[in-house]
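Structural overview
Chain by chain, the residues run as shown.
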Amino acid sequence: MAPIPGSGLAKGLAVTLRTMTRKSVTAQYPDAQPDLPPRTRGVIGLFEENCTVCMLCARECPDWCIYIDSHKETVPAATPGGRERSRNVLDRFAIDFSLCMYCGICIEVCPFDALFWSPEFEYAETDIRDLTHERDKLREWMWTVPAPPALDPGAEEPKELASARKTADKLAAQQAQQAEQAEQAQQAEPAEQAQNQPTHRSQRTQPSQRTQPSQRTQPSPSDPSAEPAASPSAPHADEQARAAEQPTRPHGDSKQQTDQPKPGQEGQE
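First things first, this report covers the structure right here in the doc. (Residues numbered from 1 in each chain as written. Predicted model: local features only at pLDDT ≥ 70, side-chain atom pairs only at ≥ 80, totals over all residues. Heavy atoms only, no water.)

**Quick look at the overall build of the protein**
Of regular secondary structure, the protein possesses 8 helices and 5 strands. Moving toward the C terminus, one meets the helices and strands of the protein in the order α-β-α-β-β-α-β-β-α-α-α-α-α. Within the span of the protein, comprising 269 residues, buried residues form 13% of the whole. Put simply, 71% of the contacts in the protein that link residues at least 6 apart link residues at least 24 apart. Carbon together with sulfur atoms contributes 53% to the accessible area of the protein, which is approximately 22,800 Å² in total. (Helix = DSSP H or I, 4+ residues; strand = E, 2+ residues; numbered from the N terminus. Buried < 20%, exposed > 50% of the residue type's maximum accessible area, 1.4 Å probe, protein only. Contact = heavy atoms within 4.5 Å. Areas by Shrake-Rupley, 256 points an atom, 1.4 Å probe, with all protein chains shown as cover.)

**Section: the layout of surface pockets**
Taken as a whole, the largest pocket encloses approximately 570 Å³ of empty space. What lines the largest pocket is a set of 16 residues, and nearest its centre among them are Arg39, Ile107, Phe116, Trp117 and Val145. Going through the elements one at a time, helix H3 (105-109) and strand E4 (115-118) are the ones with two or more residues in the lining of the largest pocket. For the lining of the largest pocket, the element with the highest residue contribution is E4, accounting for 3 residues. Classifying every residue of the lining of the largest pocket by side-chain character gives 10 nonpolar, 2 polar and 4 charged. There is about 170 Å³ of room inside the second largest pocket. (1 Å grid on protein atoms, 1.4 Å probe; cavity = no way out; pocket = protein on both sides within 12 Å on 5 of 7 lines; lining within 4 Å. Points joined across faces, edges and corners; volume = space filled by probe spheres on them. Nonpolar A, V, L, I, M, F, W, Y, C, P; charged D, E, K, R; others polar.)

**So, the nonpolar core**
Formed by 26 residues in total, the largest nonpolar core has its most connected members in Ile44, Ile66, Ile68, Phe93, Ile95, Phe97 and Leu115. Look past the residues within four positions of Phe93 in its chain and what remains in contact with it is Leu46, Cys57, Ile66, Tyr67, Ile68, Leu115, His133, Glu134, Arg135 and Leu138. (Core = buried A, V, L, I, M, F, W, Y, C linked by side-chain atoms within 4.5 Å.)

**With respect to the packing of aromatic side chains**
Tallying each qualifying case throughout the model produces 6 aromatic pairs. When the ring of Phe97 is compared with that of Tyr123, the centres are 5.4 Å apart and the planes differ by 55°; the resulting orientation is tilted. Pair noted here: Phe97 is in the loop between strand E3 (85-96) and H3 and Tyr123 is in the loop between E4 and strand E5 (132-133), with a separation of 26 residues, a long-range link. Across this residue pair, the class does not change: Phe97 and Tyr123 are buried. Taken together, the ring pairs in this structure connect Phe97, Tyr102, Trp117, Tyr123 and Trp141 into an aromatic cluster. (Phe/Tyr/Trp six-rings, centres within 6.5 Å; stacked < 30°, edge-to-face > 60°.)

**Observations concerning the environment of Asp136**
Along the chain, Asp136 turns up in helix H4 (residues 135-142). You can call Asp136 exposed: its relative accessible area is 57%.

Listed below in structure tokens is the structure:
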């Protein structure tokens, strides 16, 4: 079906008539702040802790409005015998917003997420030279950066969250396993104690059982028919008796003196 001539003009006039009948509302800025979209390109915020002074943002900037100064420091070895390392320390990070055209290339090329868009737009100055903001001002704008939007329901989970959740689940499983082993050890201790108690009693009663037969077999001193029991000190008594029967040699006499005949024996010979 061919369009009716003048239908577009009629639709446009209808929109105009509807708008004319509505009451206009004016936002009284700056008393009433405007509701900005979440991805508004206001200013660039700097998260200084993530900056490694790689200079990618300054090299890729088409307006050359980013100024970076740094120096190198030597980091001592983390382990004994290790090698010292050097790292770049940020001294200055400034952006000249009088030259910036808000293309966002510096934010996209940053490999360490040190630059973010902030919806702040109230940074007008009376002097154009004051539009060059240093890292302290960029740091203050960092806290006005909105949170990232939520992912779509069918989107994949970020790798950072997946790895963090995997590590947390592994740690929780290890802790649960350790707790289970501790409970098993606590439950096994009473059983071991119960098994060890009878053995201790039998070991204590064994000496008394051994001594009872010896007490019963000992003969009474009034029984003449009972033979005297051999004592372990009998061999020592025999040796002492033999030593008493042998003549003792005086300590002062030597062997030559004892071999000489006595005065009475010489006359008999």
